[in-house]
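# Observations on the three-dimensional arrangement
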Amino acid sequence: MNRYLNYKKAFGLYIHIPFCQSKCNYCDFYSIKYTPQKMREYVDMLKKEIELYADKLINNRCRTIYLGGGTPSLLSPQLIEEILITVFNSFNVVENVEISMEANPESLTECKIKAYREMGINRLSLGIQSFLDEELKFLGRSHDVIDSINAIIKVEKHFDNYNIDLIFALFRQTFLNFVYSLNQVLDFNPSHISLYKLQIEDGTKLYKRFKDKKTNLISEELDYKMYNHAIKKLQEAGYNHYEISNFSRDEHRSKHNIIYWKYEPYLGLGPAAHGFNGKQRYKNYSNFRKYIYELKKGRLPVQDIIKLNKKEMIFESMFMGLRLTEGIDVEKFKSKFDVSIFDIYDNVLQELKEDNLIVVDKKRIYLTKKGLNLANLVFSKLIL
Ligand code: SF4
């Protein structure tokens, strides 16, 4: 058996739904324009991919299910249900599994929301991004603020566990505009909030405008001011800041995303999806036609298999683990890699500690408030 198929532990299942209404200006995820025919064809091939894995994996125990994209909510409840039935028939899914789905406001109707909930989806993640139309326009989103508000009102009727995504540090965004959007989110009181800083990724429309000097980044000072204000406000409102960009009420942390941050195994399906069994990673073709073609031939649509060496794995587990505010468990690190974290990073940890970027105690290592603001700097020091 190919070693990348050797999953020793239960995995999180990521299913990529590669359709969007149009392309947002900042987005570098793989997605294509949807048509009903393509969606039907896609779901048929995705079911084949699930069944092929079920055939090939020795351990097919599944801990979480996450439908991401793209825009999964463009798919009708019937198509989503077909996918989930195939997952449940093919894998050994744990009881009370978290089933998350990403959704965009313009693609949601109450009928769809109700049907998603009734089929067993128990967490919705809404791409809201801002409560100001001019900012949504800058981001190239397909919805306006009224669509967002209508969608949230319908979602909260059927889901007690839902997330709102917000993007900050937009070009020309003022502190007050950011505070306005944040307060709107707080008024809805969702169980989970993700707060992402705008990234200008190569190949996006924003990147082109950035290079042509038609757009810019906001100052670092303002960016930190927004981020620190959000942490304070959200904590005061009772949210637990459990990851650099994520805040939850009570027990509503994203179980699926915690799998990534704890560097545990996940299986990725759909074009451009990645999988990781704890030692090796694979990547699917990022091309819809090639993906369909491989599956029609009865083959897994895997383009690359990457075997990671120990140094790469240690670095990756460090920078993923430090994203969690609880940080890295020193003992668990030792039993995973058979070496003490202090033997590998002694000087670096000392230096980061002196710069007040991390806290090091006998049990855990985690980012300070300053470290949360300068996380990329911390991660760059950990490369082996
Ligand atoms: S809806 Fe999401 S996946 Fe689709 S283009 Fe916009 S940001 Fe990208």
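What you see is a predicted model; the values in this text were computed from it and never measured.

Here we take up the overall build of the protein chain. Scanning the protein chain from terminus to terminus reveals 15 helices and 17 strands. What you see for the protein chain is a C-alpha radius of gyration of 21 Å, in line with the 21 Å of a compact globule of 384 residues. Each principal axis of the C-alpha distribution contributes one length, and for the protein chain these read about 55 × 50 × 45 Å. Residue pairs in contact within the protein chain that sit at least 24 positions apart in sequence constitute 71% of those at least 6 positions apart. By element, 49% of the accessible surface of the protein chain is carried by carbon and sulfur atoms, the whole surface being about 17900 Å². Taken together, the 57 basic and 48 acidic charged side chains of the protein chain have centroids lying 4 Å from each other.

Below, the discussion takes up unusual backbone geometry. Going from Gly69 to Gly70, the amide bond is cis rather than trans, its omega being 20 degrees. Position of Gly70 relative to the elements: it lies in the loop between strand S4 (61–69) and helix H2 (77–90). Phi is positive for Arg172, close to 65 degrees, though the residue is something other than glycine. Note on placement: Arg172 falls in the loop between strand S7 (162–168) and helix H6 (175–188). Take Arg172: its relative accessible area is 69%, and that puts it in the exposed class. Residue Asn356 is not a glycine yet carries a positive backbone phi of 60 degrees. Relative to the helices and strands, Asn356 resides in the loop between helix H13 (341–354) and strand S16 (358–360).

Attention now goes to the sheet that holds S16. In space, the 3 strands of this open sheet follow the order S15-S17-S16, with antiparallel pairing throughout. The sheet is open, and its two borders are formed by strand S15 (328–329) and S16, each paired with just one other strand. Across the sheet, H13 is in contact with S15, S16 and strand S17 (364–367); its angle to S16 comes to roughly 130 degrees.

Turning our attention to the site of the ligand. In the vicinity of the ligand, the residues found are Cys20, Ser22, Lys23, Cys24, Tyr26, Cys27, Gly69, Gly70, Thr71, Asn104 and Arg141. Of the residues assigned to the shell around the ligand, the class counts are 4 nonpolar, 5 polar and 2 charged.

Here we take up the domain arrangement of the protein chain. When its domains are assigned, the protein chain resolves into domain 1 (3–261) and domain 2 (327–381). With centres defined by C-alpha atoms, the gap from domain 1 to domain 2 works out at 29 Å. Between domain 1 and domain 2, the residue contacts involve 5 residues of the former and 7 residues of the latter. Where domain 1 packs against domain 2, one counts 0 salt bridges. Taken together, domain 1 and domain 2 are joined by 1 residue pair in polar contact (both at pLDDT 80 or more). If you tally residues by element for the side of domain 1 that touches domain 2, the top one is helix H8 (residues 220–236), at 3 residues. Across the side of domain 1 that touches domain 2, the residue classes break down as 3 nonpolar, 2 polar and no charged.

Once that is clear, we can look at the environment of Phe91. Checked against the element boundaries, Phe91 lands in the loop between H2 and strand S5 (92–103). The exposure class assigned to Phe91 is buried, which follows from its relative accessible area of 5%. In sequence terms Phe91 and Arg61 are 30 residues apart; their C-alpha atoms lie 6.1 Å from each other.

Moving on: the side chain of Asn163. Tracing the backbone shows Asn163 in strand S7. Polar side-chain contacts of Asn163 include one of 3.4 Å to the backbone nitrogen of Ile193. Of the polar contacts made by the side chain of Asn163, one reaches the backbone nitrogen of Ser194; its length is 3.1 Å. Leaving out residues up to four positions away in the same chain, Asn163 has contacts with Arg123, Leu124, Ser125, Leu126, His192, Ile193 and Ser194.

In this section: the environment of Pro301. Within the fold, Pro301 resides in the loop between helix H10 (288–296) and strand S14 (302–307). What makes Pro301 buried here is its relative accessible area of 0%. Once the C-alpha coordinates of Pro301 and Thr215 are considered, the two residues, 86 residues apart in sequence, prove to be 38 Å apart. Not counting residues up to four positions away in its chain, the partners in contact with Pro301 are Glu49, Lys283, Asn284, Tyr285, Tyr291, Glu294 and Leu295.

Quick look at the pattern of salt bridges now. This structure, assessed with the given rule, holds 18 salt bridges. Its salt-bridge partner being Glu82, residue Arg40 comes within 2.8 Å of it at the nearest N-O pair. Of this pair, Arg40 sits in helix H1 (residues 36–56) while Glu82 sits in helix H2, and the two are 42 residues apart along the sequence. Given the relative accessible area of 32%, Arg40 is considered partly exposed. We classify Glu82 as partly exposed; its relative accessible area is 24%. A salt bridge links Lys197 to Asp223, with the shortest nitrogen-to-oxygen separation between them at 2.6 Å. Placement of Lys197 in strand S8 (residues 192–197) and of Asp223 in helix H8 is noted, with a sequence separation of 26 residues between them.

Cut-offs applied
Residues numbered from 1 in each chain as written. Predicted model: local features only at pLDDT ≥ 70, side-chain atom pairs only at ≥ 80, totals over all residues. Heavy atoms only, no water. Helix = DSSP H or I, 4+ residues; strand = E, 2+ residues; numbered from the N terminus. Rg over C-alpha atoms; globule rule 2.2 N^0.38 Å. Contact = heavy atoms within 4.5 Å. Areas by Shrake-Rupley, 256 points an atom, 1.4 Å probe, with all protein chains shown as cover. Lys, Arg positive; Asp, Glu negative; His and termini not counted. Charge placed at Lys NZ, Arg CZ, Asp CG, Glu CD. Buried < 20%, exposed > 50% of the residue type's maximum accessible area, 1.4 Å probe, protein only. Pairing = 2+ DSSP bridges. Axes fitted to C-alpha atoms, helices over the stretch in contact; angles between N-to-C directions. Near = heavy atom within 4 Å. Nonpolar A, V, L, I, M, F, W, Y, C, P; charged D, E, K, R; others polar. Domains from an automatic or database assignment. Salt bridge = Lys/Arg side-chain N within 4 Å of Asp/Glu carboxyl O. Polar contact = N/O pair within 3.5 Å; in protein donor to acceptor, adjacent residues only side chain to side chain.

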